[in-house]
Amino acid sequence: MNEDSKGFGKTPNPKDDTALREAALEYHLKPTPGKIQVVATKALTTQKDLAMAYSPGVAAACELIEADPAEVSNMTSRGNLVAVITNGTAVLGLGDIGPLASKPVMEGKGVLFKKFAGIDVFDIEIEEKDPEKLIEIIAALEPTFGGINLEDIKAPECFRVETELKQRMKIPVFHDDQHGTAIISAAAMLNALRLTGKAIEEITLVASGAGAAGIACLELLVDLGMRRENIIVCDSRGVIYVGRDVDMDERKALFARTGDDLKTLGDAIVGADAFLGVSIGGLLKPEMVAAMADAPIIFALANPNPEIRPDEARAVKPDAIIATGRSDFPNQVNNVLCFPYLFRGALDVGATGINKEMELACVKSLAKLARMESGDLGTTYSGETLSFGPEYLIPKPFDQRLLVHLAPAVAQAAMDSGVATRPIEDMQAYKEKLSQFVYRSGLLMKPVFDAARRDPKRVVFAEGEEAVVLRAVQTLVDDNIAIPLLVGRPAVIEHQVERLGLRIRQGVDFEVTNPASDPRYEDYWKTYHRIMQRRGVSPDTAKAIVRTRSSVIAALMVERGEADALITGVVGRFQRKLDYIMDVIGKHPGYSTLASVAVLTSAQGSVFIADNHVNENPDAETIADICLMAVEKVRLFGIKPKVALISHSTFGSHQDESSAKMRKALEIIRQRAPDLEVDGEMPADVALSPDYRKVIFPNSRLRGRANLLIMPSLDAAHVAVNLTRVMTDAVSIGPILMGSAKPAHVLSPSATVRRVVNMTAIAVVEAQQVSQGTFGFLPDS
């Protein structure tokens, strides 16, 4: 049995074994032993909370479930709780180490469930090898869990345990060692066949390994259309054939070959189109690969050493398409690509089991996803370009699209096959909910995206040749958020689009402004010269700048009305890009300065912080402007602003220049927006803790938790944003530029595809405000 492709890490060099072991022990020991903990989802701070959580209030929930058992998913965590269960008889490559020693592995599995799909897990290690008793123990746990993930139970007992539990239990039961590997390798096989142009019904496949994973892989391939008679299976005894009486069982017998002409792997592999190895390292020799058909598909999934290394196979068959179980080779068959999302979809529809239709839906969705463009993955995987091909058959484990694509496919299959007890009525809303889990900015950004889709505007991207921009443009086009205009060289953009495997096309999905040959060049440089002639810019200088500064071109397009908004900054320095916007577009007449606000969203909620990029030490009047501009941006998200002016001083406790500045700013703000919920000056903990604020200043106009923090200086804002982002693992949106006469935003070189998409949607909504005559106006109080 392939124990298997479940590992995340690269197989270490033997020289590094000691260091790896020490690091792993340290990882498990500190800061808290183990990898998981139980966290309460309800407050328990008052006597009333205690009465609700336990006696007497808990009785109401018990009575409701007794009357209607389906309510258990509403009243308890059962609907999102999976048991990861083992008896420790076949643990990774360690073998029968027992249930106690297997606990770190089961905890690790629980971490993966939570990280990738938000599913809670109890790991259960059972001291029982008798399959009958094991079945009884697990079956008795059905009231506790919404699903069962069987793990590291040795063959052949694992077959019986899973089969009987599926028959007895009315919740999903899944043996990942079998079916996880099968689903992922099947998806890779579909895509490999697409690349070679071969049909699954016609190819011949030789398998090495007839344990749980091997047989499950073969059965799923048969379900996809592979002919059983075209499959030759080998185990440690050689080819499995009818009449062989050594080391046979009923599952092997399903793939027994008629005739005794082939006895060894070397015999069987001649002329084969594909090889599937779930056995031992080094078993497939180069001369065997040489005897295979042209463009062979080789899945060498043994870990830590594959049946043959990719370089050895390609030395004799350069056109071979290869997958392994290792992360340091392309096409890693890793079970984490499957089980979190399969269970997510099954749990969300209250599936009574995981059936073949759900598994096949997962296979097809996984295969399709690999053929799509890969978003931000280049950042996660050391900047490598990921596009469908021989070295990218299946998605990578950290592909954030997996949840949004696989779980709905599984859920739909469960509904279509009749095993869903809670069908999803609005699948699009379900996908959006999953997206909000993956992209934690999703919930905050939803009203902005909805508004942008209603009336997409023209957004010009100054760095139109950059991969992060082009990937964002693909998303913007797919989601109908904006009309993209790119500044760049058409040939370079076309090459990038092809290299990245994107579907967008110039002249159809986006337009290009070529700095080297655009017919508007003369108009552009003359416009720029007119704006800058009294600031030392000659006609020749203006010509040179417009020819070579893409951000200036983009700003001119907005100023001339050829674009509605501008995105720049993914390459270059923030201040220089800001200067170009100030030069060409200028300030809005209603404000004294440009400024920026950042948005941080985390499990604790969302907070806006200003000004973290522009004004170094603003005076009180400028702080008032920053505050009122930021209030406008908070409302753009559909949020009621609750503003705190931040200081080291607490409502007059200090009489220094900084705190006095913030008190004066409060006076100006209240004069200009008398009904705005704002107060200060106060420290950040007072702003974010309403209970604390009530104790020290009960008469504050600010009610509840502040969501907009106005800082006294750029230093304070910059430190606050970055410290919060890192320490809380918050997701940031921005910087959102404020105060320009027309919508324009300067990002940073660290911007991800998601951040570019978010900022573009904000720019589109701002451009809509320009059309409505409301952009940059002082907000209504």
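Everything below is about the structure printed above this text.
In this text, all values refer to a predicted model and were calculated from it rather than measured experimentally. All residue numbers refer to position in the chain's written sequence, counted from 1. The model is predicted, so local features are restricted to residues of pLDDT at least 70 and side-chain atom pairs to those at 80 or more, both for listing and for counting; the totals for chains, interfaces and linings are taken over all residues. Water and hydrogen atoms were dropped before computing side-chain values, which therefore reflect all heavy atoms in the structure.

1. Observations regarding the overall build of the protein chain
Only runs of H or I of at least four residues qualify as helices and only runs of E of at least two qualify as strands under DSSP, and these elements are numbered from the N terminus. In terms of regular secondary structure, the protein chain is built from 31 helices and 21 strands. Here the globule rule is a power law, 2.2 Å times the number of residues to the power 0.38, and the radius of gyration is based on C-alpha atoms. Compactness check: the protein chain gives a C-alpha radius of gyration of 30 Å against a globular reference of 28 Å for 781 residues, within 12% of the reference. Projected onto the principal axes, the alpha-carbon positions of the protein chain cover approximately 95 × 75 × 50 Å. A total of 781 residues make up the protein chain; the buried ones form 54% of that total. Looking at the protein chain alone, contacts between residues at least 24 apart form 72% of all its contacts between residues at least 6 apart. Of the roughly 33,700 Å² of accessible surface on the protein chain, a fraction of 53% belongs to carbon and sulfur atoms. In this tally, Asp and Glu contribute negative charge and Lys and Arg positive charge; neither His nor the terminal groups of the chain are included. All charge positions are set by atom: Lys at NZ, Arg at CZ, Asp at CG, Glu at CD. Looking at charge distribution, the protein chain has the averaged site of its 87 positive side-chain charges lying 5 Å from that of its 101 negative ones. Burial classes follow relative accessibility: with a 1.4 Å probe on protein chains only, a residue under 20% of its type's maximum area counts as buried, one over 50% as exposed, and anything between as partly exposed. Contacts: residue pairs with any heavy atoms within 4.5 Å of one another. Every accessible area reported is derived by Shrake-Rupley at a probe size of 1.4 Å, with residue values counting cover from the shown protein chains alone.

2. Describing the nonpolar core
Membership of the largest hydrophobic core comes to 85 residues, with the highest contact counts inside it found for L205, F299 and M358. Contacts of F299, omitting those with residues within four sequence positions, involve S185, A188, M189, F275, L276, G277, A323 and L393. Buried Ala, Val, Leu, Ile, Met, Phe, Trp, Tyr and Cys residues form a nonpolar core when they are joined through side-chain atoms within 4.5 Å.

3. Quick word on the state of the cysteines
The criterion for a disulfide is a pair of cysteine sulfur atoms lying within 2.5 Å. According to the stated counting rule, one finds zero disulfides in the structure shown. This cysteine, C338, is not joined by any disulfide, and C362 carries the nearest cysteine sulfur, 4.3 Å off. According to the relative accessible area criterion, C362 is buried, its value standing at 0%.

4. Digging into the pairing of strand β6 (residues 231–235)
Among the five residues that make up β6, five are buried, leaving the element largely enclosed by the rest of the structure. Two strands make a pair as long as DSSP finds a minimum of two bridges between them. Bridge analysis of strand β5 (residues 205–208) against β6 gives four bridges, and the strand direction is parallel. The residue bridging V206 from the neighbouring strand is I232, located in β6. For a crossover, the right-handed case is the one in which the path from the first strand over the helix to the second runs clockwise, viewed with the strands pointing away from the viewer. Each parallel crossover has a hand, and the one from β5 via helix α9 (residues 212–223) to β6 is right-handed. Of the pairings in the sheet, the one linking β6 to strand β7 (residues 238–239) comprises two bridges and is antiparallel in character. Counterpart to D235 in the pairing with β7 is G238. Between β6 and β7, which pair antiparallel and follow one another directly, the connecting turn spans two residues.

5. A closer look at the environment of S102
Looking at the element boundaries, S102 is found in helix α5 (residues 98–117). Using a relative accessible area of 0% as the deciding quantity, one classes S102 as buried. Along the sequence, S102 and P618 sit 516 residues apart, while their C-alpha atoms lie 59 Å from each other. Other than its neighbours up to four places away in sequence, S102 contacts T86, G88, V91, I97 and E125. Any pair of N or O atoms that falls within 3.5 Å is considered a polar contact. Within protein, one atom must be able to donate a hydrogen and the other to accept it, and sequence-neighbouring residues count only if both atoms are side-chain atoms. One polar contact links the side chain of S102 to the main-chain carbonyl oxygen of P99, over a distance of 2.7 Å.

6. Observations concerning the sheet that holds strand β11 (residues 457–461)
Across the sheet, which stays open at both edges, the five strands sit in the order β13-β12-β11-β14-β21 with parallel pairing between neighbours. One side of each edge strand has no neighbouring strand; the edge strands of this open sheet are β13 (511–513) and β21 (744–746). The mean inter-strand angle of the sheet, taken between neighbouring strand axes irrespective of direction, is 25°. As defined by bridge partners, strand β14 (residues 565–568) adjoins β21 across three bridges and the pair is classed as parallel. Bridge pairing links I567 to H745 in β21. Only the stretch in contact is used when fitting a helix axis, every axis being a line fitted to C-alpha atoms; angles between N-to-C directions are given from 0 to 180 degrees. Relative to β21, helix α25 (residues 574–584) is tilted by about 165°, and along the sheet it contacts β14 and β21. Strand contacts of helix α31 (residues 753–772): β11, β12 (482–487), β14 and β21, with the helix running at about 130° to β11, the strand carrying the most contacts.

7. Considerations on the packing of aromatic side chains
Only Phe, Tyr and Trp rings are paired, with Trp represented by its six-membered ring, and only when their centres lie within 6.5 Å; those with planes under 30 degrees apart are stacked, over 60 edge-to-face, the remainder tilted. Evaluated as defined, the whole model comprises six aromatic pairs. On the numbers, 6.0 Å between centres and 90° between planes, the contact of F174 with F343 is edge-to-face. Linking F174 in strand β4 (residues 173–175) with F343 in helix α14 (residues 339–348), this pair joins segments that are 169 residues apart in sequence. Per residue, the accessibility class of F174 equals that of F343, and both read buried. An aromatic cluster of at least three residues, connected via ring pairs, comprises F113, F174, F339 and F343. By definition here, charges over rings are those cases where NZ of Lys or CZ of Arg is within 6 Å of the ring centre and within 35 degrees of the ring normal. Here K109 stacks its cationic end above the ring of F339, 3.8 Å away from the centre of that ring. The cationic tip of R547 hangs over the ring face of Y521; the distance from NZ or CZ to the ring centre is 3.6 Å.

8. Some remarks on the sheet that holds strand β9 (residues 297–300)
Strands sit in the order β7-β6-β5-β8-β9-β10 across an open sheet of six strands; the sheet is mixed. Looking at strand neighbours, the two that pair on one side only are β7 and β10 (321–324), the edges of this open sheet. By the bridge criterion, four bridges tie strand β8 (residues 274–277) to β9 in an arrangement that is parallel. Counted as the bridge partner of F275 is I298 from β9. Against the sheet, helix α8 (residues 176–196) makes contact with β5, β8, β9 and β10, and its axis sits at roughly 160° relative to β9, the strand it touches most.

9. A short note on the packing of α8 against helix α15 (residues 356–370)
Where α8 contacts α15, the axes come no closer than 8 Å and their chain directions differ by 45°. By the criterion of interaxial angle, the relationship of α8 to α15 is oblique. In terms of crossing hand, the pair formed by α8 and α15 is right-handed. Every residue of α15 that contacts α8 at H179, I183, I184, A186, A187, L190 and N191 is listed here: E359, C362, V363, L366, A367 and A370. Just so you know how the angles are binned, under 35 degrees is roughly parallel, over 145 roughly antiparallel, 65 to 115 roughly perpendicular, and the rest oblique. Crossing chirality is assigned from the near helix's rotation relative to the far helix, an anticlockwise turn below a right angle marking it left-handed and a clockwise turn marking it right-handed.

Scope: geometric values only; no functional claims are made or implied.
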